[in-house]
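What follows is the residue order along each chain.
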Amino acid sequence: MVPRSFTASSLFTGWGFFIFHYRSDGQDYAFLIIRHGDPSYPTDSLTEKGQREAELLSHKLVKEDITKIYVSPLGRAKLTAKPTLDKLGMEAIELPWLREFAKGLVTPYPTKGGTNTCPWNMAPELWTKIPGVFDPKAWREADLYKESEIPQYYDTVCAGFDALLEEWGYRRNETGYYDVLPGHENRKDTVCLFCHLGLGNALLSHVLQASLPLIWHSLFLPTSSVTTIFMEHHT
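1. A word on the overall build of the protein
So, point 1. From N to C terminus, the protein includes seven helices and twelve strands.
So, point 2. Considering the protein as a whole, with its 235 residues, one finds that 51% of them fall into the buried category.
So, point 3. By sequence separation, contacts in the protein at least 24 residues apart represent 69% of the contacts at least 6 residues apart.
So, point 4. Accessible surface for the protein amounts to roughly 11200 Å². Of this, 54% is attributable to carbon and sulfur atoms.

In C-alpha cells, the structure reads:
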C-alpha cells in the first residue's frame, strides 16, 4: 500500500486564553500542545492563578475526545494536566524530551540590565544579528548556539516527536512532510502534550521547518494555552 502524504499545520492560539479546533473531514489527527499554567518557577509548581487556569482548562479539554495524554517530567506541567486527567480517569505518559530547554545562553538582558540566560528572551537588536539566525539549519553554527547544548537538545526533541508521531501512524519523509502508514488511514485521534513555552515552540519549529530562534522570538504561547497541530490529508 502506498502511504498517503499528510501536512502538519498549526493553529496558533495567539494572546487569548485558548482556542480549540474544529475537525473537518480532511483533518484526521490533532496534537494539542498545551503550555503549563501560571508557574512558580522556584518550586516548579503552579501559582494560585495557575491552578485556576488548569481547572478551567480541564473543563474544555474533557470535551475534546482525547485519545492519549503525554506530559513533561516537570512539576508545573504535571500539575496543569492533573485536573484533566482526574476528570477523564486517564493516566499520563511521561516523556523525558518534553522537559523544557535548559537556560544555557549568556546575553545582555533586554530590559533590566545585567545578563540573560533564557534563549528566547533576547532583544530583537541582538538575536536578529546572529549569523544564520533565520535559516532552519545555519542558526546551529552561530557561536552563541554552537557553544551551548541547545542544538543537541533540539535534535533530541525533534527525534522524540517524530518517534511519537510514528507510533500514531505518521512517518516523516525526506521533504519534512509526513506519510501515513498502512493501517492508520482512517484514524481520528486527539493527543495532548502538556509541556512548556520553549519546548512547544521547538515542536512548531520542527513541524514548520523553520529556524528555532526565529520561532522562539516570533511566537508566544500564553500559560494554559492550547496550540493545535492538524495532520491534514493530501492525496
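So much for the structure itself; the text now carries on.
2. A short note on the packing of aromatic side chains
So, point 1. This structure, assessed with the given rule, holds eleven aromatic pairs.
So, point 2. Summarising the aromatic geometry, the rings of Tyr29 and Trp168 are spaced 6.0 Å apart at their centres and angled 55° between planes, so their arrangement reads as tilted. Of this pair, Tyr29 sits in strand β2 (residues 27-35) while Trp168 sits in the loop between α5 (150-167) and β9 (170-172), and the two are 139 residues apart along the sequence. In terms of burial, Tyr29 and Trp168 fall into one category: buried.
So, point 3. Feature note: the residues Tyr29, Phe31, Trp97, Phe161, Trp168 and Tyr170 constitute an aromatic cluster, connected by ring pairs.

3. Overview of the side chain of Asn116
So, point 1. Note that Asn116 resides in strand β8 (residues 115-116).
So, point 2. Using a relative accessible area of 2% as the deciding quantity, one classes Asn116 as buried.
So, point 3. Separated by 3.0 Å, the side chain of Asn116 and the backbone nitrogen of Cys118 make a polar contact.

4. Looking at α5
So, point 1. With 18 residues, α5 extends 26 Å from end C-alpha to end C-alpha; this agrees with the ideal 26 Å at 1.5 Å per step.
So, point 2. Residues of α5 that are buried: Ile150, Pro151, Tyr154, Val157, Cys158, Gly160, Phe161, Asp162, Leu164 and Leu165.

5. As for the pairing of strand β11 (residues 189-195)
So, point 1. Along β11, seven of the seven residues are buried, which leaves the element largely enclosed by surrounding structure.
So, point 2. Neither face of β11 is exposed, since Asp189, Val191, Leu193 and Cys195 on one face and Thr190, Cys192 and Phe194 on the opposite face are all buried.
So, point 3. Pairing geometry for strand β5 (residues 68-71) and β11, over four bridges, is parallel. Residue pairing for β11: Tyr70 is matched across the bridge by Leu193.

6. Thoughts on the packing of helix α1 (residues 48-61) against helix α2 (residues 75-88)
So, point 1. Between α1 and α2, the least distance of the axes is 8 Å, while the angle of their chain directions is 40°. When the axis of α1 is compared with that of α2, the two are oblique. Viewed along their axes, α1 and α2 form a crossing whose handedness is right-handed. The segment α1 lies against α2, with Ala54, Glu55, Leu57, Ser58, His59 and Leu61 engaging Leu79, Thr80, Pro83, Thr84 and Lys87.
So, point 2. Class assignment for the residues of the contact of α1 with α2 results in five nonpolar, four polar and two charged.

7. Observations regarding the packing of α5 against helix α6 (residues 197-208)
Relative orientation and spacing of two packed helices are given, respectively, by the angle between their axes and the distance between those axes.
So, point 1. It is at 10 Å that the axes of α5 and α6 come closest, and there the two elements cross at 70°. As judged from the angle between their axes, α5 and α6 are roughly perpendicular. Along the contact surface, α5 presents Tyr154, Val157, Cys158, Phe161 and Asp162, while α6 presents Leu199, Ala202, Leu203, Ser205, His206 and Val207.
So, point 2. Of the residues in the contact of α5 with α6, the class split is eight nonpolar, two polar and one charged.

8. What about the environment of Ala54?
So, point 1. Position of Ala54 among the secondary structure elements: in helix α1.
So, point 2. Judged by relative accessible area, Ala54 falls into the buried class, the value being 1%.
So, point 3. Sequence separation between Ala54 and Thr84 is 30 residues; the distance between their C-alpha atoms is 8.0 Å.
So, point 4. Setting aside residues no more than four positions away along its own chain, Ala54 makes contact with Leu46, Leu79, Thr80, Pro83 and Ser224.

What counts, and at which threshold
- Residues numbered from 1 in each chain as written.
- Predicted model: local features only at pLDDT ≥ 70, side-chain atom pairs only at ≥ 80, totals over all residues.
- Heavy atoms only, no water.
- Helix = DSSP H or I, 4+ residues; strand = E, 2+ residues; numbered from the N terminus.
- Buried < 20%, exposed > 50% of the residue type's maximum accessible area, 1.4 Å probe, protein only.
- Contact = heavy atoms within 4.5 Å.
- Areas by Shrake-Rupley, 256 points an atom, 1.4 Å probe, with all protein chains shown as cover.
- Phe/Tyr/Trp six-rings, centres within 6.5 Å; stacked < 30°, edge-to-face > 60°.
- Polar contact = N/O pair within 3.5 Å; in protein donor to acceptor, adjacent residues only side chain to side chain.
- Expected span 1.5 Å × (residues − 1).
- Pairing = 2+ DSSP bridges.
- Axes fitted to C-alpha atoms, helices over the stretch in contact; angles between N-to-C directions.
- Parallel < 35°, antiparallel > 145°, perpendicular 65-115°, else oblique.
- Left-handed = near helix turned anticlockwise from the far one by under 90°.
- Nonpolar A, V, L, I, M, F, W, Y, C, P; charged D, E, K, R; others polar.

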